[in-house]
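Remarks on the overall topology
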Amino acid sequence: MTRMRTRVAAGAVAAIGALLASSGVAGMAMASEAPGELPPIAVNEVETDEDWIEITNTGDQPVDVSGWVVKDDNDTRTLAFPEGSVVEPGGFLSILTGEGDAGFGLGANDEARIFLPDGATLVDEFAWTGHPATSYGRCPDGTGEFVVTAEPTRDAANACAAPVAESLVLNEISTAEDWVELGSTATVPVDASGLILAAADGSWSQSLPAGSELAAEGHYVLDAELPGSGGVRLLEADGETVIDAFDWTEAAETSYGRCTDRFGEFSVTAAATRGTANDCAPPAAAEALVINEVESNNDDTDWVELFHIGDEPVDISGYIFRDDNDNRGYTLPEGSIVEPGDFFVIDQAQGVRPGFDFGLGANDEVRLFAPDGATLIVEYSWTEHAAVTYGRCPDGTGEMQDTTVSTKGGPNDCSTPLRINEVDGKDGGFTELINVGVEDVDAGGMTLRTAAGQETALSGTLAPEEYLVVEELAFQDADGIALLEADGNEIDSYDWTGHAQTSYGRCPDGRGEFEVTAEATPGAGNLCEGVTPVSPWPGGEEVVILDEEDDFEGDLSGLIYEPGENGELGTIWAVENGNSLLFKILPDGNGGWSPDVDEEWAGGLTLRYPDGTGAPDSEGVTLTDAGAAGGVYVGTERNNAESSVSRPSVLRYDISDTSGELVATDEWNLAEDFPNLGANLGIEGITWIPDSWLTGQGFLDESTGAAYDPAAYSGHGGGLFFVGFEGTAAVYAYALFDDGSFHRVAEIQSSFDIVAEVQFDRDRDVLWVICDDTCQGRTATFEVDEAGVFAETAVYARPAGMPDLNNEGFTFLDASQCVDGRVQTFYSDDNDTDGFSLRSGTLNCALQADPDPSDPDPSDPGADPEPGPTEPGADPEPTQPGTEPNEPGADPGDAAQPGGGSGQQPSGSDDRASGGGTLPRTGAEFAGLALLALALMGAGTAALRTARRQNGQ
């Protein structure tokens, strides 16, 4: 659909005359407008693929449009016609809107507006609500209504007439009623005068009379005597050139018609429809298939599941899958056959696996079309992401609803999200339940029943990922346990033929299959071979919202904290992937944090590639030991301007000049190391680890099989970059060289489905690997083991007060800010849930036990720390890629220690808060005091803000 608004704004004659005179061309007579009139310039054609707007002069004098302003539907995006832009009477002039730093694209629901140089006086405008197949243009030029043109004609008269031979088809034939219908595929009228309709055997023919015109996408009927078997031909006026033909061997009870109308192949119609769109019987797939489950929130990949409710196999090879955008789609490969009662998954591309190369949004739809691209088979739409997935319960016939767990390619699960997680059937044993959902579950009225017939009623409420241990039941050696709804319907069950020496437990918790555990762990994560148990978060349960609703538009991703000078609070650097922005977030003096509102940083700074173009999909951010002054490093997945192409790059930005957009000084494009990687499955997190720490830990260079030797990588700076990839769920260590080349040193495989963020933590000597709501907000720590490789040492649940959010950023304050045994943590929610993107919690400084508030604080922020060689505020030696901190062969331990972001904290001495230490392998419930900085939020208006937002409310 399109809508067109043309407006003439009144203005003072003197003002308009002055504007025109100031931009006039010497020696040229320019149009002179009467009072209340504007120059006779009209928007004439708009093309939304290459993104250009064409204007025309409907007057009889030239019009100088130098400096005239062009906007789309956003007043903040403006372009101007260059000096010397003059439109002759009846002439045309276009402007490419996507070029230059200020360029903008033309969307599916957008408008084109032309203003005088003042930027406020509107001359003409046109708005539309869908991408055209060609372009939108006035017919006739300058004065007519907007239509979809036959083809784009930039800077030339609009194509208001379509080529006859390419636009007309035989569309429907009725042997019962003796008529032939023509159809037009053109978006403009087509003149068919003089064409010839003839019998295939030459027994008759007739010419279309003058004035035989088909409306845009219209129909035209000719009466003709048709035999029970035969054929017809549509010929050019020469009587020989065939435009279209159709033959039949027997009469149809209804008619023969193209399905879909005007585009598809001929078939017997459901009913004859003289002069209107064909009534086509639905394809077998439309009767047999339904959309059964949809995953849209990018947990690993987006996907759609079909279910077959019919009786015969359906071949959907060549069918086209689309979201809400008609201009992109994925054609299903050969062999795509769905059997009755089977599930069929259409998946997003990942690695070498084929699939669709676009994501499914929060407000989107999925559609499956027949191979003609026009016949809709099935569809489903939604207005926000599901907490898990949308699915039919029961499969195939139920209404779409929020599911309990994702069941890709299998029966949907909409049951109560409680699961039997562990069972010890021996004397004094137990049954453990877990909530695998995303909301609290009231167990009241539910029952546990043994196979031998004993039962016990349940009560209480379980938070997500919380355990409930029941000890009231006695089991037989061969027995079973079932969890029942209040109405007696079974939720979950497990049977065994003999007691386990330890226990039977799901591996991993809640979702895996039952197996014999390493030991019984009632009320805690199961201990399974090869699976790290999930421990409670090693910090406070409380989580608070920091940002205002309008601070960020969404898509906030990676975070990195840079300490301040002399023990003062520093800066959080954050990137936003959707709009390619870098934010500077500062303490507000009241215990909170908010984006820098100074003019140069307000709204964030736009990031560009080294050539000054593009829109990097900025997912992660880090610093070297030189801090932000030595460059801000951003990990990206792709160029949002070419969103279907993978471009997993690390970009370096110099922030010394913030007067405009930030153009990368360097790019390391890692694409050659990841062939066939999906465009939206690249770098999600990035962190930097100094060489001195790596060598001190005995880190192994997997590319050589020997201990890591920094001197072997001349020009790589003073450390390695560790990048987390979403599509491979792994972290890779890279040396990035000053000439743009790179070398992979090691690979770290995580136990998560995806990696959303990575952070080096020098205070605790660990590498944090973060998963988002794909893994229920869990985090893992890795330490360098005796073999020199990073090994997973712990997996932690999210803080109890944190909803299951799409947290793609995580950072924390350095040890100098430890208060009452904890430091403040920060999380960024890519989904901007409830309008908020930035949240804060706490992390134990020592991580060996709960902080004891009676213990003296060894790192009182009021005390001045002893300055080390790279203490914040000191002048560190630059060690970003492209510099050499050490001579080849020098002891890497002599290199400057980190003084930058999270993990690059001051470390000139061993006086780490609470004695440093490593993370515990298992955890217990942590309860303690909130961080002092969070407590300060109780003062003044900050207290109201915190109370209002506690736990995302």
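Not measured: the values here are computed from a predicted model.

The next thing to look at is the overall build of the chain. Secondary structure assignment for the chain yields 6 helices and 70 strands. Of all 953 residues assigned to the chain, the portion counted as buried reaches 54%. Across the chain, every contact between residues at least 6 apart in sequence was considered, and the portion connecting residues at least 24 apart equals 59%. Of the roughly 38,000 Å² of accessible surface on the chain, 47% is carried by carbon and sulfur atoms.

This part covers the pattern of salt bridges. Taken as a whole and assessed by the stated rule, the structure comprises 27 salt bridges. Residue Glu455 is joined to Arg449 by a salt bridge in which the shortest nitrogen-to-oxygen separation is 3.0 Å. Owing to a relative accessible area of 46%, Glu455 belongs among the partly exposed residues under this scheme. Asp761 is the salt-bridge partner of Arg764, the closest N and O atoms lying 2.9 Å from each other.

Looking now at the state of the cysteines. On inspection of all chains with the given rule, the structure shows 6 disulfides. Across the disulfide from Cys507 sits Cys528; the S-S distance is 1.7 Å. Taking the sign of the S-S torsion, -75° for the link of Cys507 and Cys528, the bridge is left-handed. A residue pair is termed long-range when its members are at least 10 positions apart, and Cys507 in strand β44 (residues 504-507) and Cys528 in the loop between β45 (513-516) and β46 (534-535) qualify at 21 residues. Each member of the pair, Cys507 together with Cys528, is buried. Disulfide partner of Cys818: Cys845, at an S-S distance of 2.0 Å. Sign of the S-S torsion, about 115° for the bond between Cys818 and Cys845, identifies this disulfide as right-handed. With Cys818 in the loop between β68 (807-812) and β69 (822-829) and Cys845 in the loop between β70 (838-844) and α5 (932-935), the pair connects residues that are 27 residues apart, well separated along the chain. Assessed through its relative accessible area of 0%, Cys818 is described here as buried. According to the relative accessible area criterion, Cys845 is buried, its value standing at 4%. By sequence-ordered numbering of the bonded cysteines, the chain has its disulfides arranged as 1-2, 3-4, 5-6, 7-8, 9-10, 11-12.

Our focus in this paragraph is the environment of Asp495. Position of Asp495 relative to the elements: it lies in strand β43 (residues 490-496). For Asp495, a relative accessible area of 54% gives the class exposed. Setting aside chain neighbours within four positions, we find Asp495 in contact with Asp479, Gly480 and Ile481.

Our focus in this paragraph is the sheet that holds strand β61 (residues 719-725). Strands sit in the order β58-β61-β62-β63 across an open sheet of 4 strands; the sheet is antiparallel. If you trace the sheet from one side to the other, it starts and ends with β58 (683-690) and β63 (742-749), each paired once. Ignoring strand direction, the axes of neighbouring strands in this sheet form an average angle of 25°.

On to the packing of aromatic side chains, then. Under the definition given, this model contains 44 aromatic pairs. Measuring from ring centre to ring centre gives 6.2 Å for Trp693 and Phe790, while their planes differ by 20°; the resulting arrangement is stacked. Taken as a pair, Trp693 in helix α4 (residues 691-696) and Phe790 in strand β67 (residues 790-796) lie far apart in primary sequence, 97 residues in all. A relative accessible area of 4% means that Trp693 is categorised as buried. A relative accessible area of 8% places Phe790 in the buried class. Aromatic side chains Phe699 and Tyr708 sit 6.0 Å apart centroid to centroid with 70° between the ring planes, which places their arrangement in the edge-to-face category.

This part is about the sheet that holds strand β27 (residues 320-322). One open sheet holds the 4 strands; their spatial order is β28-β27-β31-β32, and the pairing between them is antiparallel. Edge positions in the open sheet fall to β28 (330-331) and β32 (376-382), since each of these has one partner strand only. Here β27 runs beside β28; their pairing, made up of 2 bridges, is antiparallel. Residue Ile320 lies in a different strand from β28, and its bridge partner there is Thr331.

We now examine the confidence of the model for the chain. For the chain, mean pLDDT is 84; residues scoring 70 or higher make up 84% of the total. Per-element confidence in the chain is highest for strand β64 (residues 757-761), whose mean pLDDT is 98, and lowest for helix α6 (residues 940-949), whose mean pLDDT is 32. Under a pLDDT of 50 for its full length, residues 882-953 has, in the predicted model, 192 contacts with residues more than four places off or in other chains.

For the bond running from Cys259 to Thr260, omega is 10°, close enough to zero to count as cis. Within the secondary structure layout, Thr260 lies in the loop between β22 (256-259) and β23 (265-268). The residue after Cys507, namely Pro508, is reached through a cis peptide bond having omega 0°. Not every positive phi belongs to a glycine, and Asp155 is a case in point at roughly 60°. By the element assignment, Asp155 lies in the loop between β12 (145-148) and α2 (164-167). You can call Asp155 partly exposed: its relative accessible area is 38%.

Next up on the list: the pairing of strand β35 (residues 418-424). In terms of burial, β35 is a largely internal element, 7 of the 7 residues being buried. Relative to strand β36 (residues 430-435), β35 runs antiparallel, the two sharing 6 bridges. Each residue of the ladder has a partner; that of Leu418, found in β36, is Asn435. As judged from the 2 bridges shared by β35 and β44, these two strands associate in the antiparallel manner. Following the sheet pairing, Glu422 is matched in β44 by Gly505.

This part is about the environment of Asp477. Among the structural elements, Asp477 can be located in the loop between β41 (467-470) and β42 (479-484). Classification of Asp477 by relative accessible area gives partly exposed; the value is 44%. Among all residues touching Asp477, those that are not within four sequence positions of it are Trp496, Thr497, Gly498 and His499. Within polar-contact distance, the side chain of Asp477 engages the backbone nitrogen of His499 at 3.3 Å.

Take Asn435: it is sitting in strand β36. Given the relative accessible area of 0%, Asn435 is considered buried. Looking at Asn435, its side chain comes within polar contact range of the main-chain oxygen of Glu439, at 2.9 Å. Contact partners of Asn435, with chain neighbours within four places excluded, come to Pro417, Leu418, Asp440, Val441, Leu462, Ala463, Pro464, Glu465 and Glu466.

Together, Glu384, Asp402, Glu439, Asp440 and Glu466 give the surface a local cluster of negative charge. As for its position among the elements, Asp402 is in strand β34 (residues 400-402).

Conventions and cut-offs
Residues numbered from 1 in each chain as written. Predicted model: local features only at pLDDT ≥ 70, side-chain atom pairs only at ≥ 80, totals over all residues. Heavy atoms only, no water. Helix = DSSP H or I, 4+ residues; strand = E, 2+ residues; numbered from the N terminus. Buried < 20%, exposed > 50% of the residue type's maximum accessible area, 1.4 Å probe, protein only. Contact = heavy atoms within 4.5 Å. Areas by Shrake-Rupley, 256 points an atom, 1.4 Å probe, with all protein chains shown as cover. Salt bridge = Lys/Arg side-chain N within 4 Å of Asp/Glu carboxyl O. Disulfide = S-S within 2.5 Å. Pairing = 2+ DSSP bridges. Axes fitted to C-alpha atoms, helices over the stretch in contact; angles between N-to-C directions. Phe/Tyr/Trp six-rings, centres within 6.5 Å; stacked < 30°, edge-to-face > 60°. pLDDT = per-residue confidence, 0-100. Polar contact = N/O pair within 3.5 Å; in protein donor to acceptor, adjacent residues only side chain to side chain. Patch = residues over 30% accessible without salt bridge, like charges linked within 9 Å, V, L, I, M, F, W, Y side chains within 5 Å. Lys, Arg positive; Asp, Glu negative; His and termini not counted. Charge placed at Lys NZ, Arg CZ, Asp CG, Glu CD.

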